[in-house]
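Coordinate inspection notes
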Amino acid sequence: MNLSKFSRRPTCAVRIGRVVIGGGRPVAVQSMTNTDTNDTEASVAQIERIDRAGGRIVRLTAQGRREAENLGRIVDRLRADGFDTAVVADIHFLPEVAAVAAQYVDKVRINPGNYRSDRGEFEALVAQCRERGVALRIGVNHGSLARRVVDRWGDTPEGMVVSAMEFLRACRRLEFDQVVVSMKSSNTRVMVAAYRLLVEAMEREEMHYPIHLGVTEAGNGLEGRIKSAVGIGALLADGIGDTIRVSLTEAPENEIPVAQLLVDHFADRPGEFEVRHPERYSPTVYRRRSRVTVPVVHTEPLDGFRVLEALSGNPTAELRAAILNLETADEPVVVKRHYEEPTLETVAVKAAADLGPLLLDGLADGIWIDAPGYSEAEIRDVELMILQAARLRFSRTEYIACPSCGRTLYDIEGTLAAIRARTSHLKNLRIGVMGCIVNGPGEMADADYGYVGAAPGRITLYKGRTVVARNIPQEEALDRLVELIRANGHWVEP
Ligand code: SF4
């Protein structure tokens, strides 16, 4: 491998208002508001905070006509305040709402799962976007594919690719190239597989649309940052990605420094664009290199493991090459890297981005972060979180928490903190904490239990994909969730 040559996947340039992505430009960072889109004051103030933090592209949900119409007022207020932030409308279900929003914004994100190819709705939207110079994002989400795609391909990375390619081919047929594409999932393995398979499919058809990267419902705190860094880092390390969003269940402006840290971390990194190991990712055929069943962290016995330490400026490529050059093809490997960073968060994000992809690729079996200035317990915690984000070892409850948006029906940050306080000692459980019933159930994907906003002050609880308590008062919901976990034998006393 030639480590001195750097090349990102070549993409065409797409203009989103005053911001251009792709075409060799630096990776742009972006975020999404979590205010009510009908609340002009609050939405404008939040967009301005995101812009000041460095996020030049901001998305707002437009769930209905009223919200879509209010985007016009929001854009006017922003411009009057001197902000040229690129404004994006997020449309999920109603094609007619996209048509309203496209009158005002710089980009429209649609979920192809909600469009039918035989009604001409998509063609009409493309014509409208072309006329006003509006960009389009084909935003595929694991968990909300069209029924006809799921019936044939299942809710899989392959199904996500089929869904995206159908609409990308339509864009090409219509000679519309102001298109960005995303393939998000809260499951990093699914997400990385979907993007890599998509890039392969696009390369085969000589498509060069820019790519928006993101891990959905990553949660908050260090865990949320690490999960995003593992998924986004794996793809940035491949040379894939033109714009990124780190979704956190926190104030949206908190997402920007994390996203920028990732972009800067990979900005000068040598490497070669290559789609790596697509065969390892599909949930049905995922294979690890060695037979180690419980991957280790550095404080555990390492007998029988080969420790490989990265010393160059491109740790992921260096370690990948070293592992693939080992004489014994299945010898268990611990990957190690030294970090001197001012905060634990920076150590965590960089280590997750550097070492996480090797774990996710099934190449490594353990992790060793050498970071002076932090306690062994802190580093061990980060290492365990990286193993979990790479879906190799589940040592704590995983929260699949949405970042919240204009649809959110309750205080999601406070609620997540309360749920975490009661349940974080449980192991091997995934709990979905979702702001709305419209998208929440689909997007919490493989959660074991779900806590979903059903109406103001009302929660619906799920076990897997099944509703077990509908519309219960929020004051009772956490106790009922604990009861449900207990009744299903998953509870242990703290
Ligand atoms: S689940 Fe609902 S509230 Fe949460 S981000 Fe998605 S659309 Fe918004």
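In this text the structure is predicted, and so the values were computed from the model without any measurement. (Residues numbered from 1 in each chain as written. Predicted model: local features only at pLDDT ≥ 70, side-chain atom pairs only at ≥ 80, totals over all residues.)

1. Here we look at the domain arrangement of the chain
- Segmenting the chain into domains produces domain 1 (14–278), domain 2 (289–389) and domain 3 (398–487).
- Inter-centroid distance (C-alpha atoms) of domain 2 to domain 3 is 32 Å. (Domains from an automatic or database assignment.)

2. Comments concerning the sheet that holds strand β5 (residues 86–91)
- Read across the open sheet, the eight strands follow the order β8-β7-β6-β5-β4-β3-β10-β9; overall the sheet is parallel. Either end of the sheet is taken by a strand with one partner, and the two such strands are β8 (179–184) and β9 (212–213).
- Pairing between β9 and strand β10 (residues 243–244): two bridges, direction parallel. Residue pairing in the sheet places Leu213 in a bridge with Ile244 of β10. (Pairing = 2+ DSSP bridges. Helix = DSSP H or I, 4+ residues; strand = E, 2+ residues; numbered from the N terminus.)

3. As for the packing of helix α6 (residues 157–173) against helix α7 (residues 188–204)
- For the pair α6 and α7, the least separation of the axes is 8 Å and the interaxial angle reads 45 degrees. The orientation of α6 with respect to α7, classified from their angle, is oblique. Helix-helix and strand crossings are classified by hand; for α6 and α7 the assignment is right-handed. The segment α6 lies against α7, with Pro157, Glu158, Met160, Val161, Ala164 and Met165 engaging Val190, Ala193, Ala194, Leu197, Leu198 and Ala201.
- Tallied by class, the residues present in the contact of α6 with α7 amount to eleven nonpolar, no polar and one charged. (Axes fitted to C-alpha atoms, helices over the stretch in contact; angles between N-to-C directions. Parallel < 35°, antiparallel > 145°, perpendicular 65-115°, else oblique. Left-handed = near helix turned anticlockwise from the far one by under 90°. Contact = placed C-beta atoms within 7 Å. Nonpolar A, V, L, I, M, F, W, Y, C, P; charged D, E, K, R; others polar.)

4. Thoughts on the site of the ligand
- In the neighbourhood of the ligand, 13 residues make up the surrounding shell, with Cys402, Cys405, Gly435, Cys436 and Asn439 lying closest.
- Among the residues forming the shell around the ligand, the class breakdown is six nonpolar, five polar and two charged. (Near = placed C-beta within 6 Å.)

5. Side note on the pairing of strand β6 (residues 107–110)
- Both faces of β6 are covered, namely the face carrying Lys107 and Arg109 and the face carrying Val108 and Ile110.
- One ladder, built from four bridges, connects β5 with β6; its direction is parallel. Note on β6: the bridge partner recorded for Val88 is Lys107.
- Crossover β5 to β6 through helix α3 (residues 95–101) is right-handed.
- Where β6 meets strand β7 (residues 135–141), four bridges bridge the pair, whose relative direction is parallel. Bridge pairing links Val108 to Leu136 in β7. (Buried ≥ 20, exposed ≤ 12 C-beta atoms within 10 Å, placed from the backbone. Right-handed = clockwise from strand over helix to strand, strands pointing away.)

6. Side note on helix α4 (residues 121–132)
- For α4, with twelve residues, the first-to-last C-alpha span of 17 Å sits near the 16 Å given by 1.5 Å per residue.
- Looking only at α4, the buried set comprises Phe122, Leu125, Val126 and Cys129. Considered in projection along α4, the buried side chains sweep an arc of 100 degrees and stay on one side of the axis. Turned more than 90 degrees away from the buried face of α4, the exposed residues are Ala127 and Glu131.
- Close packing links the buried residues of α4 with α3, β6, β7 and α6. (Expected span 1.5 Å × (residues − 1). Arc of directions from axis to C-beta.)

7. What to know about unusual backbone geometry
- Non-glycine residue Glu206 carries a positive phi angle of around 50 degrees.
- Summarising the element assignment, Glu206 is placed in the loop between α7 and β9.
- Glu206 gets classed as exposed once you count the C-beta atoms within 10 Å, which come to 7.
- Even without glycine at this site, Asn428 takes up a positive phi of about 60 degrees.
- Within the fold, Asn428 resides in the loop between α13 (412–423) and β16 (430–434).
- By C-beta crowding, Asn428 is classed as exposed, having 11 other C-beta atoms within 10 Å.

8. Here's the deal with the nonpolar core
- Ranked by internal contacts, the top residues of the largest apolar core, which has 123 residues, are Leu71, Ala101, Val105, Val108, Ala164, Tyr195 and Ile386.
- Here this core gathers at least three residues from each of two domains, domain 1 (14–278) and domain 2 (289–389).
- Leave out the neighbours within four places in its chain, and Ile386 touches Ile226, Val230, Ala351, Ala352, Leu355, Gly356, Leu359 and Ile367.
- Counting 25 residues, the second largest nonpolar core, distinct from the first, contains Ala447, Tyr451, Val452 and Ile459. (Core = buried A, V, L, I, M, F, W, Y, C linked by C-beta atoms within 7 Å.)

9. Quick word on helix α15 (residues 474–487)
- Taking 1.5 Å as the rise per residue, α15 with 14 residues should run 20 Å; its terminal C-alpha atoms sit 20 Å apart, in good agreement.
- Taken together, the buried positions of α15 are occupied by Ala477, Leu481 and Ile485.
- Looking at the buried side of α15, the elements it contacts are β17 (449–455), β18 (458–463) and β19 (466–473).
- Among the residues trailing α15, Gly489 stands out with phi positive, at a value near 75 degrees.

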